[in-house]
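The lines below spell out each chain.
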Amino acid sequence: MHPVRRLMSATLATALVGAGAQATTHEVRMPNRGEAGVMVFEPAFIEAAPGNTLRFIATDRGHNAQGIEGMLPEGAAAFISRPGDDFELTVTKEGIYGVKCTPHFAMGMVALIQVGAADNLDAALDVKHRGKAAGVFENLFAQVRQ
């Protein structure tokens, strides 16, 4: 096969494979009261793939989603939403993402997102938490796949 045709075939094959891969959107509700109690993310543990989007839905006013310092993969941008607003986060870096609702953090309103390999697991585990958040994170970390 002519080198130009080989290159065109390879490019077309790559484009077709890429077109078949669909990014997934995960919905995460932020209610005052949920199945797991008060002030929760539902679900609180999410497994996602790079390129997936997480849609945080403020089902009750006063909640937000904020990345926790020390609990984001290297190179992942910090994020924070406005209280009461829905928010979308597209995860591009593999690793563990710790999320909190800023006003209800000490009440245990936290979530954990695993995107692919948990490369930053040790660093995320080293972050100290106060109040009920510490216990909630202990349960969430037990769900991480290595």
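Scroll up to find the structure this text is about.
Presented here is a report on the structure given in the accompanying data block. (Residues numbered from 1 in each chain as written. Predicted model: local features only at pLDDT ≥ 70, side-chain atom pairs only at ≥ 80, totals over all residues. Heavy atoms only, no water.)

1. Concerning the overall build of the protein chain
Line of reasoning, step 1. Along its length, the protein chain carries three helices and nine strands.
Line of reasoning, step 2. Counting contacts in the protein chain only where the partners sit at least 6 residues apart, residues at least 24 apart contribute 65% of the total.
Line of reasoning, step 3. Here the protein chain has roughly 8,500 Å² of accessible surface; of this, 53% comes from carbon and sulfur atoms. (Helix = DSSP H or I, 4+ residues; strand = E, 2+ residues; numbered from the N terminus. Contact = heavy atoms within 4.5 Å. Areas by Shrake-Rupley, 256 points an atom, 1.4 Å probe, with all protein chains shown as cover.)

2. A word on the sheet that holds strand S7 (residues 87-90)
Line of reasoning, step 1. The three strands are arranged S1-S5-S7 in an open sheet whose pairing can be described as mixed. Strands at the two margins of the open sheet, each flanked by one partner only, are strand S1 (25-29) and S7. Each neighbouring strand pair of the sheet contributes to a mean axis angle of 20 degrees, computed without reference to strand direction.
Line of reasoning, step 2. With five bridges joining them, S1 and strand S5 (residues 53-57) adopt parallel strand pairing. Residue pairing across strands places Glu27 opposite Arg55, the latter belonging to S5. (Pairing = 2+ DSSP bridges. Axes fitted to C-alpha atoms, helices over the stretch in contact; angles between N-to-C directions.)

3. Re the sheet that holds strand S4 (residues 45-48)
Line of reasoning, step 1. With mixed pairing, four strands are arranged side by side in an open sheet as S4-S9-S8-S6. Edge positions in the open sheet fall to S4 and strand S6 (66-67), since each of these has one partner strand only.
Line of reasoning, step 2. With four bridges joining them, S4 and strand S9 (residues 110-115) adopt parallel strand pairing. Bridge assignment links Ala48 to a residue of S9, and that residue is Val115.

4. Quick word on the packing of aromatic side chains
Line of reasoning, step 1. Tallied over the entire structure, the rule returns four aromatic pairs.
Line of reasoning, step 2. On the numbers, 6.0 Å between centres and 20 degrees between planes, the contact of Phe79 with Phe87 is stacked. The exposure classification of Phe79 matches that of Phe87, with both residues buried. (Phe/Tyr/Trp six-rings, centres within 6.5 Å; stacked < 30°, edge-to-face > 60°. Buried < 20%, exposed > 50% of the residue type's maximum accessible area, 1.4 Å probe, protein only.)

5. Some points on the side chain of Asn64
Line of reasoning, step 1. Mapped onto the elements, Asn64 comes out in the loop between S5 and S6.
Line of reasoning, step 2. Asn64 gets classed as buried once you look at its relative accessible area, which sits at 2%.
Line of reasoning, step 3. A polar side-chain atom of Asn64 sits 3.2 Å from the main-chain carbonyl oxygen of Ser81.
Line of reasoning, step 4. Polar side-chain contacts of Asn64 include one of 2.8 Å to the backbone nitrogen of Thr102. (Polar contact = N/O pair within 3.5 Å; in protein donor to acceptor, adjacent residues only side chain to side chain.)

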